[in-house]
Amino acid sequence: MDTDHPGEPPRLRGPLTAVAVTGPSMAPTLRHGDAVLVRSGGRPIRSGDVVVAVFRTRPELLVVKRAVRPQDGGWWLRGDNELITDDSRAYGVADVHGRVVARYWPRPGRVPRRVI
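A brief structural summary. (Residues numbered from 1 in each chain as written. Predicted model: local features only at pLDDT ≥ 70, side-chain atom pairs only at ≥ 80, totals over all residues. Heavy atoms only, no water.)

Side note on the environment of Leu37
Now for step 1: Inspection of the secondary structure assignment puts Leu37 in strand β2 (residues 35-39).
Now for step 2: Owing to a relative accessible area of 27%, Leu37 belongs among the partly exposed residues under this scheme.
Now for step 3: Residues Leu37 and Thr17, 20 residues apart in the sequence, show an inter-C-alpha distance of 5.6 Å. (Helix = DSSP H or I, 4+ residues; strand = E, 2+ residues; numbered from the N terminus. Buried < 20%, exposed > 50% of the residue type's maximum accessible area, 1.4 Å probe, protein only.)

This is the structure in structure tokens:
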């Protein structure tokens with residue numbers, strides 16, 4: 001993700017943005033190296049959606065996680081890989097910037113919403 005100024009939180013550009021997944025926290029749903037399309041705007045975020053967000057305590061870091069529940073004007077997020085805890089358990093509430101709508105590389109397809 002691009003930032004216009006150093007120290008500014010990353011942000012999505014346009015209604016659909018390509019984002020690369022890094023790290024194992026969303027496995028098996030998404031894997032390191034997957035490329036996804038993220039929609040900003042559109043329908044409201046619901047529990048179980050895979051989202052792109054910024055933790056309030058780590059504003060320089062854009063993350064891909066699953067929305068669990070609204071909390072304190074933001075969202076509580078979890079990764080799908082239970083062995084990795086780099087989510088709201090470590091960093092608290094996050095502000096969602098968009099919803100992941102599809103993976104386009106290397107295995108094109110929908111990213112499943114999961115009831116939590």
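A few points about unusual backbone geometry
Backbone phi values are negative for most residues with the exception of glycine, while trans is the configuration of most peptide bonds.
Now for step 1: Looking along the chain, the bond that leaves Ala27 and enters Pro28 is cis, with omega of 10°.
Now for step 2: The residue Pro28 is located in the loop between β1 (16-20) and β2 in this model.
Now for step 3: Phi is positive for Asp72, close to 50°, though the residue is something other than glycine.
Now for step 4: Locating Asp72 in the fold gives a position in the loop between β4 (62-71) and β5 (74-78).
Now for step 5: Residue classification places Asp72 among the exposed positions, given a relative accessible area of 59%.

Examining the packing of aromatic side chains
Now for step 1: Using the criterion set out here, one finds one aromatic pair in the structure.
Now for step 2: Between Phe55 and Tyr91, the ring centres sit 5.4 Å apart and the planes meet at 45°, which makes this aromatic pair tilted. One end of the pair, Phe55, is in strand β3 (residues 50-55); the other, Tyr91, is in helix α1 (residues 88-91), and 36 residues separate them in sequence.
Now for step 3: Across from the ring centre of Tyr91, 5.1 Å away, lies the NZ or CZ of Arg58, which sits over that ring. (Phe/Tyr/Trp six-rings, centres within 6.5 Å; stacked < 30°, edge-to-face > 60°. Lys NZ or Arg CZ within 6 Å of the ring centre and 35° of its normal.)

Remarks on the environment of Val63
Now for step 1: Within the secondary structure layout, Val63 lies in strand β4.
Now for step 2: Residue Val63 is classed as buried on the basis of its relative accessible area, which comes to 8%.
Now for step 3: A C-alpha to C-alpha distance of 5.5 Å links Val63 and Val52, two positions eleven residues apart in sequence.

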